[in-house]
Amino acid sequence: MYLEFYGLKECPFSLTPDPRYIFKTESHLEVLATVKYGVDQNKGLIVVSGEVGCGKTTILRAALSTFGDEVLAIYIFNPFLTAAEFFEQLTGEMDLRLPRTVTKPEMLSAMGRMLAERHAAGLRTVLIVDEAHGLPTALLEEIRLLMNFETNSEKLLQVVLCGQPELAETLNRPQLRQLKQRISLRCGIKPLSIFEISKYIRFRLKQAGATNVGLFDNAAVKLIGQVSQGIPRIINNICDNALLYGYAATSEVITREIVEEVVRALDLVPPSASENNVVDFGNEFSSGR
Amino acid sequence: MSNLTSQFKKRGTTTGHAVVPTAAEQAQAVLSKWFKALQLTQMDARALRFTAQGGSADVRVQLEVLQPSLAADARQRELFYLEAFAAAKLTHFNIARTSKPQETEGLHFCVIEYKPEMCRLRDRLSRNGWLEVDAACDIADQVASALDCAHAAGVLHLQLSPDCIWVEPNGWTTVAGFGIERAPQLAWAHRERARRLAAAYASVEQASGAACDERSDLYSLGAMLYEMLTDRVPFDSDDAEYVRERQLQFTPAPPHLISPELPEAISVVIMKLLEKEKENRFASAAEFQVALDEARQTLKG
């Protein structure tokens, strides 16, 4: 493997989430601050959106880790649940220990009691639903009804809906207008800018033990930016392969030529773009902002 | 032979059968009468920089030569002399010793202390990314000592960035590139120096052409310390206008949010250096040093 060749202690571009590798951009910090504020202030419904591979799940987990024992976080990441399965998972995470024969009114009543007790004791409860853009309308309506657990001034259950940009369209469905009205905070995770991409690569190399974080030359970073459109998951994939190719070629620096080879091998460039040797990249990358 | 030396050797242009020497070649020809082993190390719109062997002690030195194309411009020549005279009056362990400016055969230059083992902070950051908290704070503390001495002598730097900080392997830090007298009648020269400074290190007043003082240098020091600890500058772009807009509208993310291992107390000190209004920054480099020292106690505690 390339680790020794590049003086690395571990793989810098692994796709497995690792809190040590969270590269905090402005939008990450905004999401962290928004979620924390929303939960601390019992704001009710928070919506977090971001493109596939932008690190939504990673950043949500990071947000959760900032809370102490006073916050019970229930994390649901499977959008393909029926309402019954959803409630089963929810009550299980809340440790309500209800009998299997419990009726829905009984279950909601038990849940309401627990939320009220926790609130009275100064404890907070947060429901985080990942991949929320894929949730059926009926289940989103059930989530809305859970938000009716409230005191005169505060919500007893804080809800974070997290999903791809299509989540906005989902919430625009006429049947969900009541849910949409309850959104108190919205924020988004943006793809990395070209400056952030360079820093991101250097950051991960450093975390992996590199003594020289300038392994990727400027032209290589620029191409990675163009092809990845700033999506960290794609950047990781390209960089990991580029180190492998670089190692095979005994190249101490990862050049644009190496990245081009990787991009071709991973079939990352649309065929029309590769024929013209032009990559279609967004304004973010051409403006330098 | 350095890359730059070989570059300019190729750059001599041919007109008919005669080869016209470049400015660097002409300068080298003149300087070689007094110095040995001349090597061109840097060349920009304002100056040519060589390393050389020579002087009274026959040691390695740097030579900074005003670009011959600017020498005909009285204002630029005046600025070069003002800068070199300001630097020459400073004597401090953390300031590069600089000779008074000299002129010979139409060439304007000054001699600057040089130690081959020194590494530019810019190169170190480029290679290492962020530094250990202690190492970064040690460098910032030494830069502050240099600034304190210069400010006491009435000299501002106004071009402080990792490009003019030199660090030895043992951490000893030398600030080069001083400076300009604080005198209000030199506001034009202050603006000229600010114009040369990369936008990421320029305070709001430098970016907007307003009056500068000691606290403008403290902003640049804050931006450098921010970079040393996070591998990022407070506002990043190659578009200076965009940096300026962001700087006016937003507060940078406190560095401890970017680097969780950084004590918040140090982050607070950096944010005070980066205040938009200079009145809200530390009043002096010495005051910053005291605050940094106190914040570092949290590392030991």
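Data block above holds the structure.
Structural notes, computed from the coordinates. By convention here, each chain's residues receive numbers from 1 onward along its written sequence. Written order determines the labels here, with chains lettered from A and ligands numbered from 1. Confidence filtering applies because this is a predicted model: local features only for residues at pLDDT of at least 70, side-chain atom pairs given and counted only at 80 or more, and all residues used for totals across whole chains, interfaces and linings. Each side-chain value is derived from all of the structure's non-hydrogen atoms; neither hydrogens nor water enter the calculation.

**Here we look at the overall build of chain A**
No. 1: What counts as a helix is a DSSP run of H or I of at least four residues, what counts as a strand is a run of E of at least two, and both are numbered from the N terminus. Of regular secondary structure, chain A possesses 13 helices and five strands.
No. 2: In terms of its C-alpha atoms, chain A occupies a principal-axis envelope of roughly 65 × 40 × 35 Å.
No. 3: For every residue, the accessible area (1.4 Å probe, protein chains only) is compared with the maximum for its type, and the residue is labelled buried under 20%, exposed over 50%, or partly exposed between those bounds. The burial tally for chain A puts 48% of its 289 residues in the buried class.
No. 4: Accessible area for chain A stands at about 13900 Å²; split by element, carbon and sulfur atoms hold 50% of it.
No. 5: Just so you know, the count uses Lys and Arg for positive and Asp and Glu for negative, and it drops His and the chain ends. Charge coordinates come from a single atom per side chain, which is NZ of Lys, CZ of Arg, CG of Asp or CD of Glu. On chain A, the mean spot of the 30 positive side-chain charges and the mean spot of the 34 negative ones are 6 Å from each other. The Shrake-Rupley method, run with a 1.4 Å probe, gives the accessible areas here. Residue values count only the displayed protein chains as cover.

**A closer look at the interface of chain B and chain A**
No. 1: The criterion used for residue contact is that any of the two residues' heavy atoms lie within 4.5 Å. Taken together, the 19 residues of chain B in the interface contact 17 residues of chain A.
No. 2: Accessible area, probed at 1.4 Å, shrinks when two parts are joined; the buried area is that loss added up over both. Of the roughly 1700 Å² buried between chain B and chain A on both sides combined, carbon and sulfur atoms contribute 45%.
No. 3: When the area that chain B buries against chain A is broken down by residue, the three leading residues are Arg127, Trp130 and Arg232 of chain B, summing to 34%.
No. 4: For this analysis, a salt bridge means a side-chain nitrogen from Lys or Arg found within 4 Å of a carboxyl oxygen belonging to Asp or Glu. Linking chain B to chain A there are three salt bridges.
No. 5: Its salt-bridge partner being Arg246 of chain B, residue Glu26 of chain A comes within 2.5 Å of it at the nearest N-O pair.
No. 6: Here a polar contact means two N or O atoms within 3.5 Å. Within protein one must be a hydrogen donor candidate and the other an acceptor candidate, and residues neighboring in sequence count only if both atoms are side-chain atoms. At the boundary of chain B and chain A, one finds 11 residue pairs in polar contact (both at pLDDT 80 or more).
No. 7: Every element with two or more residues in the side of chain B that touches chain A is listed here: helix H5 (121-128), helix H10 (240-249) and helix H11 (255-258) of chain B.
No. 8: A per-element tally of the side of chain B that touches chain A places H5 of chain B first, with four residues.

**Notes on the layout of surface pockets**
No. 1: With a 1 Å grid laid over protein atoms only, a set of points is called a cavity when a 1.4 Å probe fits there but cannot get out and a pocket when it is open yet has protein on both sides within 12 Å along at least five of seven lines; lining residues have an atom within 4 Å of a point. Grid points are joined across faces, edges and corners, and a volume is the space filled by probe spheres set on the points. Size it by volume and the largest pocket reaches roughly 1200 Å³.
No. 2: Along its surface, the largest pocket is lined by 46 residues, and Lys24, Thr25, Glu26 and Leu29 of chain A together with Arg232 of chain B are the ones closest to its centre.
No. 3: Listing elements by their share of the lining of the largest pocket, those giving two or more residues are helix H1 (26-40) and helix H8 (194-207) of chain A together with helix H9 (214-230), H10 and H11 of chain B.

**A word on the pattern of salt bridges**
Residue and element names in this part refer to chain B.
No. 1: For the structure on display, the rule yields 35 salt bridges over all chains.
No. 2: Between Arg122 and Glu227 there is a salt bridge, with its nearest N and O atoms 3.4 Å apart. Here Arg122, found in helix H5, pairs with Glu227, found in helix H9; they are 105 residues apart in sequence, far enough to count as distant.
No. 3: Taking the shortest distance from any N to any O, the salt bridge between Arg244 and Glu241 comes out at 3.9 Å. You can see Arg244 and its partner Glu241 sitting in helix H10, three residues apart, about one turn around the helix.

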